[in-house]
Amino acid sequence: MATRDWEALKVKVMQWIKEAADQLRASLSGPLEVSEKSAHNDLVTNMDRAVEQFLIDKIRSAYPDDKIISEEGFGDAADTNDGVLWLLDPIDGTLNFVLQKRFFAISIGVYENGFGKAAFIYDVMSDELFHCLSGKGAFQNDKQLLRLTEVSIDDALLDLSATWLKPNRRIDENIMTDLVRRCSGTRAYGAASLELAYVAAGYLDAYFTMRLSPWDYGAGLILLNEVGGSYSTAEGAQIDILSKTSVLAARPGLYEYMAAHIRDQVKQGKFIREPS
Ligand code: IPD
Ligand code: CA
Ligand code: CA
Ligand code: CA
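Residues numbered from 1 in each chain as written. Chains lettered and ligands numbered in written order. Predicted model: local features only at pLDDT ≥ 70, side-chain atom pairs only at ≥ 80, totals over all residues.

The name that an unreviewed UniProt entry assigns to the protein chain is Inositol monophosphatase family protein, with the source organism given as Sporolactobacillus mangiferae.

Laid out in structure tokens, this is it:
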């Protein structure tokens, strides 16, 4: 396989994202076709499908041998890390897209033989692109992101959703209570790719969620890697980029603290169940 020109790929992807984002912004001035998937708050729109198809056409015409895993079904049924794999979410934060018309992103992560090589997370309405090529630094538009430093739990902002307060089948709802009491505050934005990008940028100190798909976290993990962020499943295992999984991502030090807290809670009898 010839060596890939990643700088050239970056230029192409940035242009595709710009065109896709123009379509998304334009769509918000007219009616959207919205339908429910698994529940009343699990939505898909005509634009999720249109943007996925648009981006996949671009990827396939530029890189016909690559595989694509994407949310709305136009990608491939990839079951191996071999070669170049794109993890694509055309709209991350569809509920925000429909209800708020803001705080949603296009998320694209590109892996080669399992290693994260390029990441693009574009907040469409605020015109903020978080991006990196591995080993070349991570950026928010043109501003380089700093390497992440440590923060104590007392000074930390944790991104946790309301799921943590409700009885649910994946995790004991009391598992985070002590940390929530101690930390500086909690936030939840409803678009996983942006929340991971915010950890990478230092706007959030940790993000913890029990069920994400490869297209949700693919780009975010590459960005985190580039700035020295730490991440794993809830139980501390390495994330398999082909699987649905829990994700704990945080600044170094805080990550170890939170992972130890979770281990301790499990020892005390609280449960965690990975998605299947
Ligand atoms: C969802 C968002 C949300 C996360 C869900 C994802 P979607 O993605 O990232 O924040 O909690 O697990 O499925 O469906 O809007 O692309
Ligand atoms: Ca969805
Ligand atoms: Ca998503
Ligand atoms: Ca989506």
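The rest of the description comes next.
*Asks:* Could you clarify how one ought to interpret unusual backbone geometry in this entry?
*Replies:* The phi dihedral of Lys101 is positive, around 55°, even though this residue is not glycine. Along the chain, the position of Lys101 falls in the loop between α3 (94-99) and β5 (105-112). Unlike most non-glycine residues, Phe103 shows phi in positive territory, near 55°. Note on placement: Phe103 falls in the loop between α3 and β5. (Helix = DSSP H or I, 4+ residues; strand = E, 2+ residues; numbered from the N terminus.)

*Asks:* Can you walk me through the nonpolar core in this structure?
*Replies:* A general trend in soluble globular proteins is that nonpolar side chains are found buried together. If you look at the biggest cluster of nonpolar residues, it comprises 75 residues, and the most contacted ones within it are Leu196, Ala206 and Leu223. Residue contributions to this core peak at eight residues, all from helix α5 (residues 192-201). When near neighbours in sequence (up to four residues on either side) are disregarded, Leu196 contacts Tyr207, Tyr217, Gly220, Leu221, Leu223, Leu224 and Ala249. (Core = buried A, V, L, I, M, F, W, Y, C linked by C-beta atoms within 7 Å. Buried ≥ 20, exposed ≤ 12 C-beta atoms within 10 Å, placed from the backbone. Contact = placed C-beta atoms within 7 Å.)

*Asks:* I'm lost on helix α6 (residues 214-226) in this one. Help?
*Replies:* The α-helix winds at 3.6 residues per turn, so residues separated by three or four positions along the chain end up facing the same way. Given a rise of 1.5 Å per residue, 13 residues ought to cover 18 Å, and the 18 Å separating the end C-alpha atoms of α6 matches this to within 8%. Counted residue by residue, α6 has twelve buried out of 13 residues, so it is predominantly covered. Among the residues of α6, those classed as buried are Pro214, Trp215, Asp216, Tyr217, Gly218, Ala219, Gly220, Leu221, Ile222, Leu223, Leu224 and Glu226. (Expected span 1.5 Å × (residues − 1).)

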